[in-house]
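So the chains spell out like this:
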Amino acid sequence: MAKKIGTGNVVYSTNPDFKYSTQQHEAASVSKGQQNLRVLLDKKNRGGKTVTIVSGFTGKEDELEKLARELKSKCGVGGSVKDREILIQGDHRDRVLSLLVAAGYQAKKVG
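First things first, this report covers the structure right here in the doc. (Residues numbered from 1 in each chain as written. Predicted model: local features only at pLDDT ≥ 70, side-chain atom pairs only at ≥ 80, totals over all residues. Heavy atoms only, no water.)

Topic: unusual backbone geometry
A positive phi is found at Asn 45, a non-glycine position, where the angle reads about 55°. With respect to the helices and strands, the residue Asn 45 is situated in the loop between strand 3 (36–42) and strand 4 (51–55). The phi dihedral of Asp 83 falls on the positive side, at around 55°, and the residue is not glycine. Along the chain, Asp 83 falls in the loop between strand 5 (79–82) and strand 6 (85–89). For Asp 83, a relative accessible area of 71% gives the class exposed. (Helix = DSSP H or I, 4+ residues; strand = E, 2+ residues; numbered from the N terminus. Buried < 20%, exposed > 50% of the residue type's maximum accessible area, 1.4 Å probe, protein only.)

Concerning the side chain of Asp 42
Within the secondary structure, Asp 42 sits in strand 3. What makes Asp 42 buried here is its relative accessible area of 17%. In this structure the side chain of Asp 42 is engaged in a polar contact, spanning 3.3 Å, whose partner is the backbone nitrogen of Lys 44. Polar contacts involving the side chain of Asp 42 include one to the side chain of Arg 46, which spans 3.0 Å. Apart from the residues within four sequence positions on either side, Asp 42 is in contact with Lys 49, Thr 50, Val 51 and Ile 53. (Polar contact = N/O pair within 3.5 Å; in protein donor to acceptor, adjacent residues only side chain to side chain. Contact = heavy atoms within 4.5 Å.)

Focus: the pairing of strand 6
Looking at chain direction, strand 4 and strand 6 are connected through 4 bridges and run antiparallel. Within strand 6, the position partnered with Ile 53 by the bridge is Leu 87. Judged from the 4 bridges that link them, strand 5 and strand 6 form a sheet pairing that is antiparallel. Opposite Val 81, over in strand 6, you have Ile 86 as the bridge partner. (Pairing = 2+ DSSP bridges.)

Pasting the structure below:
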């Protein structure tokens, strides 16, 4: 998913010559071995539910979605991608960490 850069959060301008700049920017792809992924457990603001979070992914949005889909299916649980972080329902830190390392990512458990 591309981000819009350069609008400066301008909603309305009284200047008749003002031009909105909508440049598209995608994060560059980084190889799996150079990714520094962090796997952590979170319970805050989730109604007591535990969530395994994978953060630190650098790359395109569709690659992030693909990785999330693989992790969710191999753990047999649901989850989502939010704010460039993969959320996996439940405490699956060890399983997710072993799956990431087996896939060639550089990952570590945090917390």
